[in-house]
Amino acid sequence: MNGHAILYTGVTVAFWTTILIVGTCYTIFDLGFRFDVGWFLTETSPFMWANLGISLAISLSVVGAAWGIYITGSSILGGGVKAPRIKTKNLVSIIFCEAVAIYGIIMAIVISNMAENFSGTTPETIGARNYQAGYSMFGAGLTVGFSNLFCGICVGIVGSGAALADAQNGSLFVKILIVEIFGSAIGLFGVIVAILQL
Amino acid sequence: MSIFPELYFNVDNGYLEGLVRGFKAGILSQGDYLNLVQCESLEDLKLHLQSTDYGNFLANEASPLTVSVIDDKLKEKMVVEFRHMRNQSYEPLASFLDFITYSYMIDNVILLITGTLHQRSISELVPKCHPLGSFEQMEAVNIAQTPEELYNAILVDTPLAAFFQDCISEQDLDEMNIEIIRNTLYKAYLESFYKFCYTLGGTTADTMCPILEFEADRRAFIITINSFGTELSKEDRAKLFPHCGKLYPEGLAQLARADDYEQVKAVADYYPEYKLLFEGAGSNPGDKTLEDRFFEHEEQECRNIVWIAECIAQRHRAKIDNYIPIF
């Protein structure tokens, strides 16, 4: 663990030092105009933002689902050795995690269907509507991706606890399922907001 | 991201955690012990054990059951479960479980050395060894004629070699009393185990370090009390005390100089925990990590069952309630 800690602190220090030095130099030498956010936003194509949104939607959702499934799955396997009755009931937790990945792929398909071609090469000819389309697709993808990531992790950890509790005392499982349903709802919130953003 | 340990605990330890919780649920309860105590014969005991988590582990044994057979089968079951856990574990859990086996290995090695010195055959000795502490070169121990050969040929390959190197040289092995060898080895083992738990930090350190400190101090007291009346000199005695307990360094220095039971008691008075010990009967240490808790309980459970079986076999019903309840 010590090696990792040194690596992380080293990289963080190097990163912030670079930013500090570059920023100071730009200020001192009156080169502030080079740091041009407007140029960046208008010169990058809206297609890049749209595709980034699509990829974030599906990939972050899948990361969340995978994380949740492995957390729950390993606990079900461990608990199932001595208490085989928990095997079938606890698959419900895995299904909740999987639902998160399904939200992600649905959103990715919806977003990608909304992307259309446009003509125009300079910022003026591309027009504000196209830029707005790109940004909103990126935003929607980001929303659904991150909310599914955390929803998947949440359901996974609760599911792992549910499996272990069920192995000890069979009557606990149904109550803990309610906790999982609440956890699963936050993924749904992300999907709703993302649809509204598009 | 050491701030969110739940996120990656299950990668290495999820299966084992579930398994250990299952074992914990299977530990005999007060009700089970009451049932066992009611048994009239060893056959009854076997029947009652079948309905618990132990299942049919005695199923293939021939009809006249003896207590030693039950004892062996219990140990075998525990060893199988322990080996399964050990095979599934990653670092640092693997090292931790290995440390647990080293104390049994030390006992086995001492047993084998003593047996060889008294010219017992190896086939008699090997079944008497505790199975958790077995290592591959156990059979070869009797080939060695002298302790140096023993060390060079065999022990240097085992994990115990590190403990030998710390404290004994080859000449010492020859001259020393076997008990002194055992205590020196155990001291090296305890100290390295303590250092290991300490560097792991976190919950492991919080639970294991007090246990190991207690064990170290307990051994210091016992060595002192047992050495009254023998020709063990005070410097030799001081060399046997493990340094990882609360008594280090002042208490150990005083213990080394003590001459009789009263002085030992005076040393203990400085440490409130040990004062209570000397005043009453022995006590159990507090909480433990999940694996260690399970392991100690399983061992205690084996001992309880064997105690009950012995009492039944010898029809000593009065003492049968002296088992130590776990929950």
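Residues numbered from 1 in each chain as written. Chains lettered and ligands numbered in written order. Predicted model: local features only at pLDDT ≥ 70, side-chain atom pairs only at ≥ 80, totals over all residues. Heavy atoms only, no water.

**With respect to the overall build of chain B**
Where we set the bar: A run of H or I in DSSP counts as a helix once it spans at least four residues, and a run of E counts as a strand once it spans at least two, with each numbered from the N terminus. Burial classes: relative accessible area under 20% of the type maximum marks a residue as buried, over 50% as exposed, and values in between as partly exposed (1.4 Å probe, protein chains only). Calculation of accessible area relied on Shrake-Rupley with a 1.4 Å probe; when residues are assessed, cover is drawn exclusively from the protein chains displayed.
Each helix and strand counted, chain B has 16 helices and zero strands in total. Counting every position in chain B, which comprises 327 residues, the buried fraction comes to 46%. Surface exposure of chain B reaches about 17,000 Å², of which carbon and sulfur atoms provide 51%.

**A word on the side chain of E180 of chain A**
Convention followed: Think of it this way: Lys and Arg go in the positive column, Asp and Glu in the negative one, and His and the chain ends go nowhere. When a carboxyl oxygen of Asp or Glu lies within 4 Å of a side-chain nitrogen of Lys or Arg, that pair is called a salt bridge.
Within the secondary structure, E180 of chain A sits in helix α8 (residues 173-197). K89 of chain A provides the closest opposite charge to the buried, salt-bridge-free E180 of chain A, at an N-O distance of 11 Å.

**Notes on helix α4 (residues 67-88) of chain B**
Note the threshold: Any helix carries an expected span of 1.5 Å times its number of residues minus one.
Over its 22 residues, α4 of chain B runs 32 Å from end to end, which matches the ideal 32 Å to within 8%, given 1.5 Å per residue. Turning to α4 of chain B, its buried residues number three or more, namely V67, I70, L74, K77, M78, V79, E81, F82 and M85 of chain B.

**Here's the deal with helix α5 (residues 91-114) of chain A**
Residue and element names in this part refer to chain A. Put simply, the rule is: Contacts: residue pairs with any heavy atoms within 4.5 Å of one another.
Taking 1.5 Å of rise per residue, the 24 residues of α5 would be expected to cover 34 Å, and the 35 Å separating its terminal C-alpha atoms lies within 8% of that figure. Buried within α5 we find S93, I94, C97, V100, A101, Y103, G104, M107, A108 and I111. Summarising the contacts, the buried residues of α5 are in contact with α3 (46-82), α7 (128-168) and α8.

**A look at the nonpolar core**
All names here are of chain B. Note the threshold: Here the nonpolar core consists of buried residues drawn from Ala, Val, Leu, Ile, Met, Phe, Trp, Tyr and Cys, with membership extended through side-chain atoms lying within 4.5 Å.
Membership of the largest hydrophobic core comes to 39 residues, with the highest contact counts inside it found for F96 and F193. Among the elements that take part in this core, helix α5 (residues 93-117) stands out by supplying 12 residues, more than any other. In contact with F193, other than residues within four places in its own chain, are F96, F99, M208 and L212.

**Looking at the UniProt feature "transmembrane region" (unreviewed entry) in chain A**
Residue and element names in this part refer to chain A. The criterion, for reference: UniProt positions are given in the numbering used here, feature names are shortened, and annotations may be inferred rather than shown by experiment.
Following the UniProt record, the feature "transmembrane region" (unreviewed entry) maps to residues 7-29, 49-70, 91-115, 135-165 and 172-196 here. Between the first and last C-alpha atoms of residues 7-29 the distance is 33 Å; the span itself is 96% helix and 0% strand. Counted over residues 49-70, helix gives 100% and strand 0%. Its end C-alpha atoms are 31 Å apart.

**Focus: the interface of chain B and chain A**
Note the threshold: Summed over both partners, the accessible surface that disappears when two parts come together, traced with a 1.4 Å probe, is what is meant by buried area. Each polar contact in these results corresponds to two N or O atoms within 3.5 Å; when the atoms are within protein, one needs to be able to donate a hydrogen and the other to accept it, and residues that are neighboring in sequence are counted only if both atoms are side-chain atoms.
The partner chain A presents 15 residues to the 18 residues of chain B that form the contact. Counting each side, the surface lost to burial between chain B and chain A is near 1,300 Å², with a carbon and sulfur contribution of 63%. Counting across the chain B and chain A interface gives zero salt bridges. Inspection of the chain B/chain A interface yields seven residue pairs in polar contact (both at pLDDT 80 or more). The element contributing the most residues to the side of chain B that touches chain A is helix α1 (residues 6-25) of chain B, with 15 residues.

**What to know about a nonpolar patch on the surface**
Residues and elements named next belong to chain A. Formally: Think of a patch as exposed residues, more than 30% relative accessible area, with no salt bridge, where like charges cluster within 9 Å and nonpolar side chains (Val, Leu, Ile, Met, Phe, Trp, Tyr) cluster within 5 Å.
Taken together, F35, V37, W39, F40, L41, M48, L52 and Y135 make up a surface patch of nonpolar side chains, about 770 Å² in accessible area. The set of elements that each furnish at least two residues to the nonpolar patch consists of α2 (37-43) and α3. It is α2 that provides the largest number of residues to the nonpolar patch, a total of four residues. Counting through the fold element by element, L52 comes out in helix α3. Residue L52 is classed as partly exposed on the basis of its relative accessible area, which comes to 33%.

**A look at the domain arrangement of chain A**
Convention followed: Residue ranges assigned to the domains are those given by an automatic or database domain assignment.
Here chain A is described as being made up of domain 1 (1-35) and domain 2 (38-197). Taking only C-alpha atoms, the centre of domain 1 of chain A and the centre of domain 2 of chain A are 33 Å apart.

**Thoughts on the packing of aromatic side chains**
Convention followed: Here the aromatic set is Phe, Tyr and Trp, taking the six-membered ring for Trp, and pairing holds for ring centres within 6.5 Å; pairs whose planes are under 30 degrees apart are stacked, those over 60 apart are edge-to-face, and all others are tilted.
What the rule picks out here adds up to nine aromatic pairs over all chains. Considering the side-chain rings of F40 of chain A and W49 of chain A, the 6.2 Å spacing of their centres and the 85 degrees angle between planes classify their relative orientation as edge-to-face. Ring centres of Y189 of chain B and F193 of chain B lie 5.9 Å apart, and the angle between their planes is 35 degrees; on these two criteria the pair is classed as tilted. Here Y189 of chain B and its partner F193 of chain B are both found in helix α10 (residues 178-200), four residues apart, which amounts to about one turn of the helix. Y189 of chain B gets classed as buried once you look at its relative accessible area, which sits at 5%. An aromatic cluster is built from F40, W49, Y131, Y135 and F138 of chain A, whose rings are joined through pairwise contacts.

**Focus on the UniProt feature "domain: V-ATPase proteolipid subunit C-like" (unreviewed entry) in chain A**
Residue and element names in this part refer to chain A. Residues given the UniProt feature "domain: V-ATPase proteolipid subunit C-like" (unreviewed entry) here are residues 52-111 and 138-196. Helix makes up 93% of residues 52-111 and strand makes up 0%, while its end C-alpha atoms are separated by 11 Å. Taken end to end, residues 138-196 is 93% helix and 0% strand, and its two terminal C-alpha atoms sit 13 Å from one another.

**Concerning unusual backbone geometry**
Positive phi values are uncommon outside glycine, yet D30 of chain A reaches one of about 60 degrees. Relative to the helices and strands, D30 of chain A resides in the loop between α1 (2-28) and α2.

**As for the pattern of salt bridges**
Enumeration over the complete set of coordinates arrives at six salt bridges over all chains. Put simply, R85 of chain A and D166 of chain A hold a salt bridge, and the shortest N to O gap is 3.5 Å. With R85 of chain A in the loop between α3 and α4 (86-89) and D166 of chain A in helix α7, this residue pair connects regions lying 81 residues apart in the sequence. The partner of K187 of chain B in a salt bridge is E191 of chain B, and the shortest N-O contact between them spans 3.8 Å. Taken together, the residues K187 of chain B and E191 of chain B, both in helix α10 and four residues apart, mark about one turn of the helix. The class of E191 of chain B is partly exposed, set by a relative accessible area of 24%.

**Side note on the packing of α3 of chain A against α5 of chain A**
Residues and elements named next belong to chain A. The condition is simple: Axis definition: a line fitted to C-alpha atoms, over the contacting stretch in the case of helices. Angles run 0 to 180 degrees between N-to-C directions. Should an angle fall under 35 degrees it is called roughly parallel, over 145 degrees roughly antiparallel, and 65 to 115 degrees roughly perpendicular, with every other angle called oblique. When residue character is reported, Ala, Val, Leu, Ile, Met, Phe, Trp, Tyr, Cys and Pro are called nonpolar, Asp, Glu, Lys and Arg charged, and the others, Gly included, polar.
Packing of α3 against α5 brings their axes to within 8 Å, and their N-to-C directions diverge by 175 degrees. With respect to each other, α3 and α5 are oriented roughly antiparallel. Along its contact with α3, which presents I54, A57, I58, S61, A65, G68, I69, T72, G73 and I76, the element α5 presents S93, I94, C97, E98, V100, A101, G104, I105, A108, I111 and S112. Partitioned by chemical class, the residues of the contact of α3 with α5 number 13 nonpolar, seven polar and one charged.

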